[in-house]
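# Inside the fold
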Amino acid sequence: MNRTTVSLIAGVAALAAVTGFASMSEPDTSGTDTAKAAAQLPVERTSLLCPAPSTSDLAETAYTSFTPVAEGTGDDGAAELTAAGEEPADGKTDADKGDKKDDGKDGKEKAVLTPKEPGKPVTGEASGAESPALVGTAEGRFAPGWTVQQTTEIAAGSGRGLLGTNCTAPDTEFWFPGASTAKERTDYAHLTNPDDSAAVADIELYGKDGALKSTVGEGIQIPPHSSEAVLLSTLVDEPQTNLTVHVTVRSGRVAAAVQAIDDKLGGDWLGPSTDPAGSLVLPGIPKDATSVRLVAFAPGDADADLKVRLASPNGPITPAGNETLHIKAGMTAAIDLGDVTRGEAGSLMLTPTGRPTPVVAALKVTRGKGDKQETAFIPATGPVDTRATAADNRSKGSTLSLVAPGRAAKVKVTASAGSGGGTAASKTYTIKGGTTQNVELPVPSGLKGTYALTVEPQSGGPVYAARMLEEASGGVPMFTVQTLPDDRGTVEVPDAAQDLSVLQK
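Just so we're clear, the structure is a prediction, and the values are computed from it rather than from any experiment.

Calculation rules
Residues numbered from 1 in each chain as written. Predicted model: local features only at pLDDT ≥ 70, side-chain atom pairs only at ≥ 80, totals over all residues. Heavy atoms only, no water. Helix = DSSP H or I, 4+ residues; strand = E, 2+ residues; numbered from the N terminus. Buried < 20%, exposed > 50% of the residue type's maximum accessible area, 1.4 Å probe, protein only. Pairing = 2+ DSSP bridges. Contact = heavy atoms within 4.5 Å. Axes fitted to C-alpha atoms, helices over the stretch in contact; angles between N-to-C directions.

### Section: unusual backbone geometry
Of note, the phi angle at aspartate 392 is positive, near 65 degrees, even though the residue is not glycine. Secondary-structure assignment places aspartate 392 in strand β27 (residues 388-393). The exposure class of aspartate 392 is buried, given its relative accessible area of 2%. Even without being glycine, arginine 488 reaches a positive phi, approximately 50 degrees. Position of arginine 488 among the secondary structure elements: in the loop between β36 (476-483) and β37 (490-493).

Structure, rendered in structure tokens:
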């Protein structure tokens, strides 16, 4: 058996570890090509991490967990979210053991959130500044498409507003264009480690003139099952208005998010941009946005030149005076687009004017005027390939934006049963090419509590999605926007019962 054959079998074994399923059979020696297309199987284990929600005593945080019903998962499985730093007495989570959480009286940790069944949201709450980061695991039927939303409302003081984030899977690299160390901003990079061994991470900062020298951001230790919040202003000597944060992990893996707090404009979570790419889509700009700032970064050795267009409900529009953006290699660039949406739904599309150069990007979006302003962030995101989910939707104040930057697309949107009751409902929409549509949501009948929205493309070109939550308080238009990348609820497993003999020749 040569090296190629060994590598293929090793790859199949690795996929089997992820999905819990794979088979090997004797190769067909008849000489017939029996290779088959890879099968799409549901993932069998998913990890999600939620950052510590706030340092404000006035913070009220809601957690919402949801797993869509998926075919081929069986009846077994469990899911739970527990406080970072806590472990059960026997060293196993309930997802490992398949039973319910103890109440904490015998030394084991108590689950913050324990989903009961796929297809129905489960909610939990936390109050004040002592709420910890959360570490979550889902297995079996709870794993494919598992989504957890963390939404925090702060009525007054630092960070006043609605702060929302999707709890994310651990990884080894993250890009955050749109951060800042300006005097009015207090930005923290939150790093959460889900594993049994310590993780080591580096934080690099890039401003308008390139990399900012700092040794403080090197070799940051994140203990097992713990979270560290790093104040970005401690990593540089001079304030920087527009920054790109690059988190890389030397050892282990972490989940990363940036919490951006403005003294006057409230605050929100800045999620990571999608991987560097030549073309990017930033969906779901609120139609009543009073200010939109684009921040972008070119991480390679080549400059990037981008065409800037807005996908409106009627087609692509080029913002007057901001038709293009030039980004020097290794530097952060920013342009202010003002009230670019002008009362209509919109999404930003960035495409290369010449040879594609990979970039990352995010939007800082402001609603309101004067001392009644609130901000949120929209990072560039990937398309919804198979399915994406947004949890924690309410009877009022939820807006779903769908954009088809190329060809027209047909999209199915399903509203789940409510966390306290109700019947699921769905609608199908056609999104014209080059447009953004804020669609009328299929609210569950008899809704009690919150519900989840599941987006599934049916045909046509790529679809990108974002969900906005809004809630007015004291005249302030509090809001938060979450993008909806594909949930990666399935994994490709090649049919191992194919003729491997051709690889041995």
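### Focus: the pairing of β27
Burial of β27 is extensive: 6 of the 6 residues sit out of reach of the surface. Here β27 runs beside strand β34 (residues 451-460); their pairing, made up of 4 bridges, is antiparallel. Directly across from asparagine 393, in β34, lies its bridge partner tyrosine 451.

### Looking at the environment of leucine 212
Considering the arrangement of structural elements, one finds leucine 212 in the loop between β12 (210-211) and β13 (220-222). On the basis of relative accessibility, which here comes to 23%, the residue leucine 212 falls in the partly exposed class. Spatially, the C-alpha atom of leucine 212 lies 8.8 Å from that of leucine 235, the residues being 23 residues apart in sequence. What leucine 212 contacts, discounting residues up to four positions off in sequence, is Leu205, Gly207, Val236, Gln240 and Leu243.

### Points about the sheet that holds strand β26 (residues 374-379)
Sheet strands pair via backbone hydrogen bonds, and the direction of the pair is either parallel or antiparallel. Taking strand neighbours across the sheet as the criterion, the 4 strands line up as β23-β19-β25-β26 in an open arrangement whose pairing is antiparallel. Single-partner strands in this sheet number two, and they are β23 (332-338) and β26. Strand-to-strand twist in this sheet, taken as the mean axis angle between neighbours without regard to direction, amounts to 20 degrees. Here strand β19 (residues 291-297) runs beside strand β25 (residues 360-367); their pairing, made up of 7 bridges, is antiparallel. In the sheet register, alanine 296 faces β25, and the bridge partner there is alanine 361.

### Side note on the sheet that holds strand β14 (residues 226-231)
Strand order across the open sheet formed by 4 strands is β14-β10-β16-β17, with antiparallel pairing between neighbours. At either end of the open sheet lies a strand with only one pairing partner, and these are β14 and β17 (266-270). On average, each strand axis in the sheet is inclined to that of its neighbour by 20 degrees, with strand direction left out of account.

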